[in-house]
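# Working through the structure, step by step
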Amino acid sequence: MPYLKRKAYFKPFSRNTVLQKYFLTNYFMPKDKKTGNNYGITLIELLTAISVFVLASFIVSVFIIQSFKVQNFSLEQSSAITEARRGVETMVKELREALPGDTGAYPIELANPQELIFYADYDRDNSIEKIHYWLDGSDFKKGVIEASGSPLQYSGEEQIEIISRYVRNDEEPIFTYRDGNYNQLSTPADPDNVKLIHVYLRINIKPNKAPSDFELESDVSLRNLKENL
């Protein structure tokens, strides 16, 4: 039987195959410094690396979320303070110009610690409106009634708006009243004796968290009622 000589076939290494082998050997199986032998990454090392990465990502995420919360709180607090300041400035201007009502009513109708009713031409229309300020929960509100009918009466529907939110006065007075000698009046104060009103608001959107309450104060002298102030 004739001898059949086998031919050997060799698959040449391509350049890409050699580079891949070099990359895997040197980067994923680095050599030991002492022996020069290759060693691979163990499962424990891989899990440890993943754990460290996840923990670091969690810490960074918490930091970013807290930063956004602090920034949002600061913006809301600043907005609430600006709203309250604007409302108090408007109220002070109206109180300075308090006048008898179109019905002949005395300029001050009610003077309570957290409620005040007076008359003034707040919209400059040459008609005197009945203006009502009071605290409702944490909302400081304003109501206005126009005189109507014949004879004129303040019996229409009160137009209500919120002047300031997040007011934290609780039971603490918003309005303090003094007479012409600067003596503090007990409440409900006699409207005939009220010549100066002190306004005090405490603003905080989250009273159980820092910063503390923002205090807003103002004194207003009733120009048309003052004696020696």
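A few points on the structure.

### Regarding the packing of aromatic side chains
Taken as a whole, this structure holds five aromatic pairs when the rule is applied. Seen from their ring centres, phenylalanine 118 and tyrosine 133 are 6.2 Å apart, and the 5° between their planes marks the pair as stacked. Note that phenylalanine 118 is positioned in strand β2 (residues 115–120) and tyrosine 133 in strand β3 (residues 129–136), a separation of 15 residues in sequence. Each member of the pair, phenylalanine 118 together with tyrosine 133, is buried. Ring pairs connect the aromatic residues Phe118, Tyr133, Phe140, Phe175 and Tyr177, which therefore count as one cluster.

### Topic: the nonpolar core
Within the largest apolar cluster, 34 residues are counted, with the highest numbers of intra-cluster contacts made by Phe118, Phe140, Phe175, Tyr177 and Ile197. Counting only elements with at least two residues in this core, the list comes to α2 (43–96), β1 (108–112), β2, β3, β6 (175–178), β7 (196–203) and β8 (214–221). Sort the elements by how many residues they give to this core and α2 lands first, with seven residues. Excluding residues that lie within four positions of it along the chain, phenylalanine 118 makes contacts with Glu94, Leu95, Ala98, Pro107, Ile108, Glu109, Glu129, Lys130, Ile131 and Tyr133.

### A look at the sheet that holds β2
Strand order in the open sheet made by the five strands is β1-β2-β3-β4-β5, with antiparallel pairing throughout. Each edge of the open sheet carries a strand with a single partner, namely β1 and β5 (159–164). Geometrically, the sheet is characterised by an average inter-axis angle of 20° between neighbouring strands, direction not taken into account. Sheet topology note: the β1/β2 ladder contains four bridges and is antiparallel. Counted as the bridge partner of isoleucine 108 is phenylalanine 118 from β2.

### What about unusual backbone geometry?
The omega torsion of the bond from serine 150 to proline 151 falls at 0°, within 30 degrees of zero and hence cis. Following the sequence through the fold, proline 151 ends up in the loop between β4 (139–145) and β5. The residue after threonine 187, namely proline 188, is reached through a cis peptide bond having omega -5°. Its location among the elements puts proline 188 in the loop between β6 and β7.

### Let's talk about the environment of aspartate 121
Structurally, aspartate 121 is set in the loop between β2 and β3. The buried category is assigned to aspartate 121, whose relative accessible area is 15%. In this structure the C-alpha to C-alpha distance between aspartate 121 and glutamate 97, which are 24 residues apart in sequence, comes to 7.6 Å. Every residue in contact with aspartate 121, bar those within four places of it in the chain, is listed here: Asn126, Ser127, Ile128 and Glu129. Reaching out from aspartate 121, the side chain makes a polar contact with the backbone nitrogen of aspartate 125 at a distance of 3.1 Å.

Calculation criteria
- Residues numbered from 1 in each chain as written.
- Predicted model: local features only at pLDDT ≥ 70, side-chain atom pairs only at ≥ 80, totals over all residues.
- Heavy atoms only, no water.
- Phe/Tyr/Trp six-rings, centres within 6.5 Å; stacked < 30°, edge-to-face > 60°.
- Helix = DSSP H or I, 4+ residues; strand = E, 2+ residues; numbered from the N terminus.
- Buried < 20%, exposed > 50% of the residue type's maximum accessible area, 1.4 Å probe, protein only.
- Core = buried A, V, L, I, M, F, W, Y, C linked by side-chain atoms within 4.5 Å.
- Contact = heavy atoms within 4.5 Å.
- Pairing = 2+ DSSP bridges.
- Axes fitted to C-alpha atoms, helices over the stretch in contact; angles between N-to-C directions.
- Polar contact = N/O pair within 3.5 Å; in protein donor to acceptor, adjacent residues only side chain to side chain.

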